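Secondary and tertiary structure notes
Residues per chain, in single letters:
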Amino acid sequence: MILLPKMIKRITNIISASDLGEYEEEFRNHRLVLNFEKCKIVARIWIFIYTVLLVVGYFVYTPMYKEYKSCLYLPFNQVIMIILAISWFALVKIIDKKSRTKLTNIMCHIFLNVSIYWCILMGINDLNRYGTVLPYIFCILTLAAFLYLNFMESSILFIGSMVVLIVALVYSMNEGAMLYSHIINIAVSVIFSMIISRINYQRLAKDFINEKNILKAKEILEATNEKLKMYERARTDFFANISHELRTPLNVIYSAEQMAERMVSSGNFNNNKINKYLKMMKQNCFRLIKLINNLIDITKIDAANFEIRLRNMDIVKVVEDITLSVADYIENKGVVLIFDTEIEEKVIACDPDVVERIMLNLLSNAVKFTDKGGNIFVNIYEGDGQVYLSVKDTGVGISEVAKEQIFSRFVQVDKSIRRCREGSGIGLSLVKSLLEVHGGSISVKSKLGEGSEFIVALRDCVLEDEGVTTQASKGEDERIQMIDIEFSDIYK
């Protein structure tokens, strides 16, 4: 019982000759094309050879044909072979126009069978005159070496034709010793043809698989190279952006410090100017803190080391408190902030610090890209098992091309050197990453020149074993500092 599966597997391997796996269908078509083209080559060779023999026979052997009428079978066979080959070519032209794989396969088998059985007929004629079956033996060995036949095809073609020829020999020969000699020669030739066919088929299959593996490895290498180029571009953009973002606030801090130091050393002390320079230094310190915090958080998220502290909280109150805390700041910029909600109360499991970080980032972006006299709308609504937080502005908007890139890291819509709006290109990427860790998502709707709307989706679920938390995670002073940090890249 144990040997049976092994025997079945062995027989299957012999029949299939090679384990082609996913390339089975492609190899079958490839082999068919090769066989079809080689059949065309053989047909052309036959037409040429038989035409030459016919012409030579006409000029050289015409007297012999007149004297020995029995020899006329030679030119007669040559003419028939030329007609058959030309007819086959005519059918091939029709098949090529239709480009049908099944018909092509049929034409290959027609050619092979006509070739072999015509050689059987020629062999029997030669047998009656010269006592040999060389045309058949030469034909099957040539086809086995020249074409790529699998085990099933070679078995049907060679063994089937061998049986037909042996039956014909039995009925046409009376001499037993000569008959057995011919049968042995034919059987040996068929065995060699089967072996040659298998070797030829395996070689083609091996070369095909090797070529596919090489192409696959080449594709993987090209894809890897493309990724490396992309990473290199990202690395270059990262250092370009970070160097700019670090240099700008440092330059401002250094310049403000120099001005303040010059005033003190000159004795021309002016409190208003000193306070102005101190505010400039403080704002740019906040900007550096924001940049470093963002880089640290991105690194933590990539390392799966960012901790989410979920609590059951009223998301409406959380968002409202955040919005109201920046209302004065936004209105001082000449922008109207409007908070609205379609739901009065909604308790979900969320991390209020993460929600605050996300909302402050979206609001700071809205302020940054909205001119004076514009509006910013904050809305909350629910549906489809999600709670949606919307931040919509009437600012400059985002183009269709830019919408596909804004959530990528270190990408800025305006990459010009003298940007009118500062930013590292980390904020929206961080928002997206924070939401993914939180189990949420973010999308954008925008038209260039008409404003943008960022929609945050949070899961509508609660922690079963915990009550509702009403106390904010941050104190007033800490929240003010948080706002100063998040809005630090918006200069007055």
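In short, a report on the structure. Predicted model only: the values in this text are computed from it and were never measured.

**Re the pairing of strand β7 (residues 451-459)**
β7 sits mainly inside the fold: eight of its nine residues count as buried. The pairing of strand β5 (residues 386-393) with β7 spans seven bridges and is classified as antiparallel. From the neighbouring strand, Tyr 388 faces β7, where its bridge partner is Ala 457. As paired elements, strand β6 (residues 441-447) and β7 share seven bridges and run antiparallel to each other. The partner of Ser 441 across the bridge, within β7, is Ala 457.

**Details of the nonpolar core**
One finds Ile 315, Val 355, Ile 376, Leu 389, Phe 454 and Phe 487 to be the most contacted residues of the largest nonpolar core, which totals 53 residues. With nine residues, the single largest contributor to this core is helix α12 (residues 352-368). With near-sequence residues (within four places) excluded, Phe 454 lies in contact with Leu 362, Leu 389, Ser 390, Val 391, Ile 398, Ile 406, Phe 407, Leu 428, Ile 442, Ser 443 and Val 444. One finds Ala 43, Trp 118, Val 133 and Tyr 136 within the second-largest nonpolar core, a separate group that totals 43 residues.

**Some thoughts on the sheet that holds strand β2 (residues 336-341)**
Judged by pairing direction, the sheet is mixed, and its five strands sit side by side in the order β2-β4-β5-β7-β6 without closing on themselves. Each edge of the open sheet carries a strand with a single partner, namely β2 and β6. Each strand of the sheet is rotated relative to its neighbour by a mean of 15 degrees, with strand direction disregarded. Strands in contact with helix α10 (residues 315-325) are β2, β4 (375-383), β5 and β7; relative to β2, the strand with the most contacts, it is inclined by about 170 degrees. Contacts between α12 and the sheet are confined to β2, β4, β5, β6 and β7, with β5 contributing the most and set at about 25 degrees to the helix.

**Considerations on the pairing of β4**
Strand direction decides the pairing type here: β2 and β4, joined by six bridges, are parallel. Its bridge partner lying in β4, Leu 337 is registered against Ile 376. Bridging between β4 and β5 involves eight bridges; their strand directions are antiparallel. Bridge pairing in β5 links Phe 377 to Lys 392.

Parameters and conventions
Residues numbered from 1 in each chain as written. Predicted model: local features only at pLDDT ≥ 70, side-chain atom pairs only at ≥ 80, totals over all residues. Heavy atoms only, no water. Buried < 20%, exposed > 50% of the residue type's maximum accessible area, 1.4 Å probe, protein only. Helix = DSSP H or I, 4+ residues; strand = E, 2+ residues; numbered from the N terminus. Pairing = 2+ DSSP bridges. Core = buried A, V, L, I, M, F, W, Y, C linked by side-chain atoms within 4.5 Å. Contact = heavy atoms within 4.5 Å. Axes fitted to C-alpha atoms, helices over the stretch in contact; angles between N-to-C directions.

Geometric values such as these leave the question of function open.
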